[in-house]
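Survey of secondary and tertiary structure
Chain by chain, the residues:
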Protein chains: 2
Amino acid sequence: MKKHNYSAGPCILPQEVFEKSAQAILDFNNSGLSILEISHRSKDFVAVMDEARALALELLGLEGKGYQALFLAGGASLEFLMVPYNLMKENGKAAYLDSGTWASAAIKEAKYFGETVVVASSKEQNYNNVPKGYSIPADADYFHCTSNNTIFGTQMKELPTTNVPVVCDMSSDIFSRQLDFTKFDIIYAGAQKNMGPAGTTLVVIKEEILGKNGREIPSMLDYAKHIKAESMYNTPPVFPVYASLLTLQWLKKLGGIAAIEKINNAKAELLYNEIDRNPLFKGAAAVEDRSNMNATFLLNNPEHAPIFDTMWKEAGISGLPGHRSVGGYRASMYNAMPIESVQVLVDVMQALEKAV
Amino acid sequence: MKKHNYSAGPCILPQEVFEKSAQAILDFNNSGLSILEISHRSKDFVAVMDEARALALELLGLEGKGYQALFLAGGASLEFLMVPYNLMKENGKAAYLDSGTWASAAIKEAKYFGETVVVASSKEQNYNNVPKGYSIPADADYFHCTSNNTIFGTQMKELPTTNVPVVCDMSSDIFSRQLDFTKFDIIYAGAQKNMGPAGTTLVVIKEEILGKNGREIPSMLDYAKHIKAESMYNTPPVFPVYASLLTLQWLKKLGGIAAIEKINNAKAELLYNEIDRNPLFKGAAAVEDRSNMNATFLLNNPEHAPIFDTMWKEAGISGLPGHRSVGGYRASMYNAMPIESVQVLVDVMQALEKAV
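The model shown is predicted, which means the values in this text are computed figures rather than measured ones. (Residues numbered from 1 in each chain as written. Chains lettered and ligands numbered in written order. Predicted model: local features only at pLDDT ≥ 70, side-chain atom pairs only at ≥ 80, totals over all residues. Heavy atoms only, no water.)

Attention now goes to the relation of the copies chain B and chain A. By a simple turn and slide, chain B fits onto chain A: the slide is 0.0 Å along the axis, the RMSD is 0.0 Å, and the turn is 180°. In the structure described here, the two chain copies are related by an operation that fits a two-fold rotation axis. Counting the interface residues of chain B, we find that 100% of their copies in chain A are interface residues as well, pointing to one common contact surface. (Least-squares fit on C-alpha atoms with pLDDT ≥ 70 in both. Contact = heavy atoms within 4.5 Å.)

Here you go:
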């Protein structure tokens, strides 16, 4: 039976990425060698890395605008400390928006490097909304925000206005919607939502902001060194980068971010309409901040949970339980999820309404 | 035509690892889902991580001896700074053996954290040997060495004798030979030689040495945090860990390190015998320090290079050119390389002798 994979990440990827990457493991580019056994310095893999870096910038509309794209290892969590290491001055300070668990984790790491100013937090409301109306100190070394809060199902709808460099963790909604990406100075994203399998992190950097904080930075944490080495300072995570390239190629063929945004909006509208219409359910996040990637929702009557859980599992749905911080359900509808899978979930919600 | 892959890393892996991992990308454990799209918190992947960690310790004979195994991201180069961050005291010092390019890179990173004492170096001899007869300061916070120098084709044959904690970068010969691994307090190894594809790093730690240096360590660089989180502090590199598990399972089935050591010795003997016998060739490394993993050798007459290069390529050999620091040739004969592939190279060397 076809599976409808609502996992919050690692998550669904396009079927052609599975097929092409499995084939490359058996024989890469008709070389007689597996993608797993070739040198990262081989012509074939250097071409993969170069294309992935260029395509990431192209899709974001950042080509020729002073940005560099890196495919690093370590996960977005490593960026939590690389960002302050590279941008925060000795005795400097950084401003953070606390919109969720991962934003909070980023703040914790920045504290090892200097003063952090939390400009606003929705923690008291269990992060069910994205704070608004905050002001960013003009003397901050940078401002850090999280564009989409995977756990809570909220998403920033407006970009911050500030003259300090803006750093954004876009792990869970990168490549999903059109934004003016030139408003950001560093964008980073763990691959394992919209970009590829777990194991690599995209970091997009406006090069001119580097080299200004006066710190000595260990090589592996130094963005400038990674840029100079063309994202090959050390052996990169070859297979995750290759599978990410396949995913970006799929997105480009589809029509890029403009095309996928329409599909994502349609999927989100379909599901949120049902959450709002169906008397058995309610949304968990503030309506104006609802994420188009992760829809969090609850049963009004928890006693309906066993029958609902049986029904969606029988429909081939997986990965629907909510994060323990929120409870209920979380439907992650990343780029690769077809609207047909969302319809299956909506059908189950309607069937539940009739059954109880 | 069958390829004989002599790449220095990423490198040859067992054929069954390619086949099983390609299958898991199409359908993992008959779940209807790809290994690339499942949650790292899913029961199936937690089982992969747990088995990989346990099997690494089992193969090294370190089970039940106070060690923990982690599969981290970032590459062995990240360990160059994690080691001093976790072990070097403020105003402390660390002792390093400088036996090659990677040892030298590790020393460079340690200098960000405190005093480094280089107990011996073979740099003046272009690292063609492993220094011996050095003494390790008794007040060092730790001693760091590199068991196998991939670029130069040298390998430590004797373990260091010291009372300070011993840290060893075994990236290019882990799981290849029997050693008393209890002599080490931290062993780390990038996967991409004997353990799996690029994208994860095995770190084996004697737990009692942690938490003693008094530094505040950013979370992602803190071994204790990774141990507490059972190697899932953040999303791990799922596929590289899975392919590493498949490689370790293959090694266990084969009979473990004791069995592979015999095969590796036979392969190395076959090739070094030919290097020494064949009047056209000479070894690049000091005979007593020759690596069983990477054999470096040169043509006595560089004018023979074009014909030799044509001949080995025609025989289906790839990845034979030496690193630019040494020149000539480097035959990397990692665990997964069959002796038949080494025989093909020896045959070509003998055919060259007849041809010129």
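This part is about the sheet that holds strand β8 (residues 166–169) of chain A. Residues and elements named next belong to chain A. A sheet is described by the order of its strands in space; here seven strands give the open sequence β2-β10-β9-β8-β5-β3-β4, paired in mixed fashion. One side of each edge strand has no neighbouring strand; the edge strands of this open sheet are β2 (67–72) and β4 (115–121). Ignoring which end each strand starts from, the neighbouring axes of this sheet average 20° apart. Pairing of strand β9 (residues 186–190) with strand β10 (residues 201–206), which is carried by five bridges, proceeds in the antiparallel orientation. Across the sheet, the residue bridging to tyrosine 188 is valine 203, located in β10. (Pairing = 2+ DSSP bridges. Helix = DSSP H or I, 4+ residues; strand = E, 2+ residues; numbered from the N terminus. Axes fitted to C-alpha atoms, helices over the stretch in contact; angles between N-to-C directions.)

Here the focus is the sheet that holds strand β14 (residues 329–332) of chain A. Residue and element names in this part refer to chain A. A sheet is described by the order of its strands in space; here three strands give the open sequence β11-β12-β14, paired in antiparallel fashion. Edge positions in the open sheet fall to β11 (281–283) and β14, since each of these has one partner strand only. If you compare each strand with its neighbour and ignore which way they point, the axes differ by 35° on average. Pairing of strand β12 (residues 294–299) with β14 involves four bridges; the strand directions are antiparallel. By the bridge assignment for β14, threonine 296 is matched with arginine 330. The sheet strands contacting helix α7 (residues 256–277) are β11, β12 and β14, and the helix crosses β12 at an angle near 20°.

What follows covers the interface of chain B and chain A. Taken together, the contact between chain B and chain A spans 53 residues of the former and 53 residues of the latter. Summed over both partners, the interface of chain B with chain A buries about 4000 Å², with 67% contributed by carbon and sulfur atoms. Considering only the side of chain B, the residues that lose the most area to chain A are Leu36, Glu37 and Tyr112 of chain B, jointly responsible for 15% of the buried surface there. Linking chain B with chain A are zero salt bridges, by the criterion used here. Across the contact surface, chain B and chain A share twelve residue pairs in polar contact (both at pLDDT 80 or more). Secondary-structure elements contributing two or more residues to the side of chain B that touches chain A are α1 (15–26), α3 (76–87), α4 (101–110) and α6 (238–254) of chain B. With six residues, α1 of chain B is the single largest residue contributor to the side of chain B that touches chain A. Here the residues of the side of chain B that touches chain A sort into 28 nonpolar, 18 polar and seven charged. (Buried area = accessible area lost by both parts, 1.4 Å probe. Salt bridge = Lys/Arg side-chain N within 4 Å of Asp/Glu carboxyl O. Polar contact = N/O pair within 3.5 Å; in protein donor to acceptor, adjacent residues only side chain to side chain. Nonpolar A, V, L, I, M, F, W, Y, C, P; charged D, E, K, R; others polar.)

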